[in-house]
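Below, each chain spelled out in residue letters.
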Amino acid sequence: MDETKILKEFADLQSEIREDKIKIELDPVVSQFVDQLFEQDGWACYFHIIANCLGKGSLVYYSNTGLKEDKIVELLARSFSEGSGIFADILSKYLEQSKVSTPLDFFQNFVDQGALKLMSECLEYCSVCDQVRIIEVKNREDECPNCSAKLFHIMQASLPEAVRAAISNGQLLEIYVKKCLQKAGFRVISKTVNGAQVSTSIPYSVYAIDVEIDVGAVEKSSLFIFECKTGKLVPSEVAQKLAQLKLLIDTINRRINGLPDLHVIFVVLGEIDKNVEPRTYETAFADLNLKSCQLIPANQVAGLVSHLLKLKTKV
Ligand SMILES: [Zn+2]
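Only a predicted model underlies this, so the values are computations on that prediction, with no experimental measurement involved.

**Re the environment of Leu 95**
The residue Leu 95 is located in helix α6 (residues 85–97) in this model. Put simply, Leu 95 and Thr 280 are 185 residues apart on the chain and 46 Å apart in space, counted from C-alpha to C-alpha. Leu 95 has contacts with Ile 72 and Leu 76, leaving out every residue within four places of it along the chain.

Spelled out as structure tokens, the structure:
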């Protein structure tokens, strides 16, 4: 069975993708955010900070340069004693976020690319003049006008609405996987919606229910189904997903009397339950022509393109 035949079958079974999901995938700000996030070493730290900001409606805090933690603690204590609530608020939230091993100035790249929105005010501190103040970001200078020392700034940025939505519904990771597949030269399964190609969260109508596939791709006679999890993966979810896929694969088999070589890959940002054993599924779902069931844990997510390139040479 060749690529074209597999793609045609999938196209025939596709049902309507949810409007909100189409909007998120086609949003250029979301695309930019995905590119920015995963290209960076230590992306998991940034993702953690950003995801933590979601529920609280709070902001991402970052600085232009390092300032020792004890210095910030001292400034914070001073702000409290002087009753400067706004200084104390910014300093304490910055301090909370700066407790990661990666430099926070990286968030400036997000802002520069439009993937985060900068708030109009920032906190400024000159260690020589020992002065803290709130200034307009647009009036920010690198050096203190009084003493020429390098100024320390804490910026505040918010997440664009579409990025917020993409993190909340887990589509952020799906979009990343799609981009990696494209970079590795796979043919990603898509649906044309109003002239645009949409490739994430496509539902397929089989046995009167919709089976949703996060991302799918083909290469020669092989079909790759990606299931993306930003939270924890437990055995029941793997079994449930494979049971759903069985309905879809059975339907295709009935229609064309043949099966592609199936590979199911779980990409997981959260914890993977120790009882998830991919090999046992390979046996249990052998009738689906399941050639492999694989796990990509969070620490391998940044290297997904090279993993996919290797996978491609094996089929
Ligand atoms: Zn100064």
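**Thoughts on the environment of Leu 123**
Within the secondary structure, Leu 123 sits in strand β3 (residues 121–126). Of the residues examined, Leu 123 has 23 C-beta atoms within 10 Å and is grouped as buried. Placed 29 residues apart in sequence, Leu 123 and Phe 152 show a C-alpha to C-alpha distance of 8.2 Å. If near-sequence neighbours (up to four positions away) are discounted, Leu 123 is found in contact with Phe 87, Ile 90, Val 132, Ile 134, His 153 and Ile 154.

**Points about helix α1 (residues 3–13)**
Those residues of α1 lying buried are Ile 6, Glu 9 and Phe 10. Within α1, the buried residues cover an arc of 95° as seen down the axis, which keeps them to one side. For α1, the exposed residues lying more than 90 degrees away from the buried face are Thr 4, Lys 8 and Asp 12. Next to the buried residues of α1 lie β11 (215–219), β12 (222–229) and α10 (235–256).

**With respect to the packing of helix α5 (residues 69–81) against α6**
Between α5 and α6, the shortest axis-to-axis distance is 9 Å and the interhelical angle comes to 155°. When the interaxial angle is binned, α5 and α6 end up roughly antiparallel. Remark: the crossing between α5 and α6 carries left-handed chirality. Here α5 contributes Ile 72, Leu 75, Leu 76, Ser 79 and Phe 80 to the contact with α6, which in turn contributes Phe 87, Ala 88, Leu 91, Ser 92 and Leu 95. Split by residue class, the contact of α5 with α6 holds eight nonpolar, two polar and no charged.

**Quick look at the sheet that holds β12**
Strand pairs in the sheet, formed through backbone hydrogen bonds, run parallel or antiparallel to each other. Strand order in the open sheet made by the five strands is β6-β11-β12-β13-β14, with mixed pairing throughout. What marks the edges here is a single partner per strand, and that holds for β6 (187–188) and β14 (290–297). Against the sheet, α1 makes contact with β6, β11 and β12, and its axis sits at roughly 155° relative to β11, the strand it touches most.

Criteria and thresholds
Within each chain, residue numbers correspond to sequence positions counted from 1 in written order. In keeping with the predicted nature of the model, local features appear solely for residues at pLDDT of at least 70, side-chain atom pairs appear and are counted solely at 80 or more, and the whole-chain, interface and lining totals rest on all residues. For helices the rule is a DSSP run of H or I covering at least 4 residues; for strands it is a run of E covering at least 2, with both sets numbered from the N terminus onward. Two residues qualify as being in contact provided that their C-beta atoms, derived from the backbone, are within 7 Å of each other. Exposure is read from a count of other C-beta atoms within 10 Å of each residue's own; the residue is exposed at 12 or fewer, buried at 20 or more and partly exposed in between. C-beta atoms are placed from the backbone. Regarding the arc, it is the one traced by the directions from the helix axis to the C-beta atoms. Each axis is a line fitted through C-alpha atoms, taken for helices only over the stretch in contact, and angles between the N-to-C directions span 0 to 180 degrees. We call two directions roughly parallel when the angle between them is under 35 degrees, roughly antiparallel when it is over 145, roughly perpendicular when it lies between 65 and 115, and oblique otherwise. Crossings are sorted by hand: turned counterclockwise from the far helix by less than a right angle, the near helix makes the crossing left-handed, and turned clockwise it makes it right-handed. Only Asp, Glu, Lys and Arg are considered charged in this grouping, and only Ala, Val, Leu, Ile, Met, Phe, Trp, Tyr, Cys and Pro are considered nonpolar; every other residue, Gly among them, is considered polar. Two strands qualify as a pair provided that DSSP identifies no fewer than 2 bridges between them.

Interpretation in functional terms is not warranted from these geometric data alone.
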